[in-house]
Amino acid sequence: MKKALLLFVAFLLPVLIYLFLKSFGKNEFDVPVLYTDSMSVSVPCYGNNYKLPYHVPDSLLKTFQWDSTSLFTVVVFENESKEDQHERSIQLTRVMTEFKNEPLGIIHMLGTHTNVVSGNNGLVTQRVLMSDTNLFKIKTCFFLLNSKQDAVVIDKDRRIRGQYTLTKREDADRMIMEELNILFKRY
């Protein structure tokens, strides 16, 4: 009798756990909005006024004709390194291939001393050329990237959803597989 009762409980317990998780569990990850509660800025940015939750200023986005109809926009900052440019181009090609049927915009920010080889198969939807000083200020003060990061994802509400180093495959994988996939499935 005891064996039968133990056997019954042993089979019933996993079924109850499964039903509980199916009813109350949620099998989806969330990609948080960055800089909603707190933020720290670098020294050259102290003159700017920041409000929380942080939104990229609309006036800045209008200067390079940001497409607000895209659900998400990847803003990529180039540097002079040919090796970095090549790796970044490979990762951006992966992004465009993965999300070719999604409302995703890409803005490629270039400094005046950056010499980018074209021929990215229609990859870049928009190129913005500006002085290296302005590029650095926009990168650090408005998109809040550190010196190693070179890409940021913003949503249609101008909120920062992720910051990446596209010259590292792990970061590109995180942007593609973990975060953009989740964001497009959710929205």
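Let me begin by describing the structure that accompanies this report. Please read these numbers as outputs of a predicted model, since none were measured by experiment.

Conventions we followed
- Along each chain, residues carry numbers from 1 onward, in the same order as the chain's sequence is written.
- Totals for whole chains, interfaces and linings use all residues, but because this is a predicted model, local features are given only for residues with pLDDT of at least 70 and pairs of side-chain atoms are given and counted only at 80 or more.
- Side-chain numbers come from the whole structure's heavy atoms, not from hydrogens or water.
- Comment: elements are numbered from the N terminus, with helices defined as DSSP H or I runs of at least four residues and strands as E runs of at least two.
- Each residue is placed in one exposure class: buried if its accessible area under a 1.4 Å probe, protein chains only, is under 20% of its type's maximum, exposed if it is over 50%, and partly exposed if it falls in between.
- Any pair of residues with heavy atoms lying within 4.5 Å of one another is described as a contacting pair.
- Per-residue accessibility takes into account occlusion by the displayed protein chains alone, with areas from the Shrake-Rupley method and a 1.4 Å probe.
- By the counting scheme adopted, Arg and Lys are positive, Glu and Asp are negative, and His together with the chain ends is not counted.
- The atom standing in for a charge is NZ when the residue is Lys, CZ when it is Arg, CG when it is Asp and CD when it is Glu.
- Note on definitions: salt bridges are taken to be side-chain nitrogens of Lys or Arg within 4 Å of carboxyl oxygens of Asp or Glu.
- At least two bridges found by DSSP between two strands is the condition for calling them paired.
- All axes here are fitted lines through C-alpha atoms, helices being fitted over the stretch that makes contact, and every angle between N-to-C directions spans 0 to 180 degrees.
- Aromatic pairs are defined between Phe, Tyr and Trp rings, using the six-membered ring for Trp, whenever the two ring centres lie within 6.5 Å; interplanar angles under 30 degrees are classed as stacked, those over 60 as edge-to-face, and all others as tilted.
- Every helix has an expected span of 1.5 Å times one less than the residues it contains.
- Definition used in this section: a nonpolar core is a set of buried Ala, Val, Leu, Ile, Met, Phe, Trp, Tyr and Cys residues joined via side-chain atoms within 4.5 Å.

### Some details on the overall build of the chain
(1) Moving on: Per the secondary structure count, the chain includes five helices and five strands.
(2) Moving on: Projected onto the principal axes, the alpha-carbon positions of the chain cover approximately 85 × 40 × 30 Å.
(3) Moving on: Expressed as a percentage of its 187 residues, the buried residues of the chain come to 40%.
(4) Moving on: Partitioning the intrachain contacts of the chain with sequence separation of at least 6 by distance along the chain shows that 63% fall at a separation of at least 24.
(5) Moving on: In the form shown here, the chain has an accessible surface area of approximately 11,800 Å², with 56% of it arising from carbon and sulfur atoms.
(6) Moving on: Between the centroid of the 23 positive side chains of the chain and the centroid of its 21 negative side chains there is a distance of 7 Å.

### Points about the pattern of salt bridges
(1) Moving on: Enumeration over the complete set of coordinates arrives at nine salt bridges.
(2) Moving on: Ionic pairing is found between R88 and E78, a salt bridge with its closest N-O pair at 2.5 Å. A residue pair is termed long-range when its members are at least 10 positions apart, and R88 in helix α3 (residues 82–98) and E78 in the loop between β1 (72–77) and α3 qualify at 10 residues. One exposure class covers both R88 and E78, and it is buried.
(3) Moving on: With a shortest N-O distance of 2.7 Å, D150 and R88 are connected by a salt bridge. Taken together, the positions of D150 in the loop between α4 (132–142) and β4 (151–155) and R88 in helix α3 put the pair 62 residues apart, joining distant regions of the chain. Of the two residues, D150 and R88, both sit in the buried class.
(4) Moving on: When salt bridges that share partners are traced, they join D155, D157, R159 and R161 into one network.

### Structural notes on the sheet that holds strand β3 (residues 126–130)
(1) Moving on: Taken together, five strands build an open sheet; the order of strands is β3-β2-β1-β4-β5 and the sheet is mixed. Unpaired on one side and paired on the other, β3 and β5 (160–164) mark the two borders of the sheet. Each strand of the sheet is rotated relative to its neighbour by a mean of 20°, with strand direction disregarded.
(2) Moving on: Here β1 runs beside β4; their pairing, made up of five bridges, is antiparallel. Across the sheet, residue V76 finds its bridge partner in β4, namely A151.
(3) Moving on: Contacts between α3 and the sheet are confined to β1 and β2 (104–111), with β2 contributing the most and set at about 165° to the helix.
(4) Moving on: Running over the sheet, helix α5 (residues 169–186) touches β1, β2, β4 and β5 and is turned about 165° from β5.

### Considerations on the packing of aromatic side chains
(1) Moving on: For the structure on display, the rule yields four aromatic pairs.
(2) Moving on: Taken together, a centroid distance of 5.7 Å and an interplanar angle of 50° make the contact between Y50 and Y54 tilted.
(3) Moving on: Residue Y50 is classed as partly exposed on the basis of its relative accessible area of 23%.
(4) Moving on: The rings of F72, F99 and F184 are connected pair by pair, giving a single aromatic cluster.

### Some points on α3
(1) Moving on: Taking 1.5 Å per residue as the helical rise, α3 with its 17 residues ought to reach 24 Å, and the 24 Å between its terminal C-alpha atoms agrees with that figure.
(2) Moving on: Those residues of α3 not exposed but buried are Q85, R88, Q91, L92, R94 and V95.
(3) Moving on: Of the surrounding secondary structure, the elements contacted by the buried residues of α3 are β1, β2 and α5.

### A closer look at the nonpolar core
(1) Moving on: Membership of the largest hydrophobic core comes to 24 residues, with the highest contact counts inside it found for M109 and F143.
(2) Moving on: For this core, the secondary structure elements donating two or more residues are α2 (58–63), β1, β2, β3, α4 and β4.
(3) Moving on: No other element matches α4, which puts four residues into this core.
(4) Moving on: Excluding anything up to four places from it in sequence, M109 contacts F64, V75, V76, F77, E78, V128, M130, L135 and I138.

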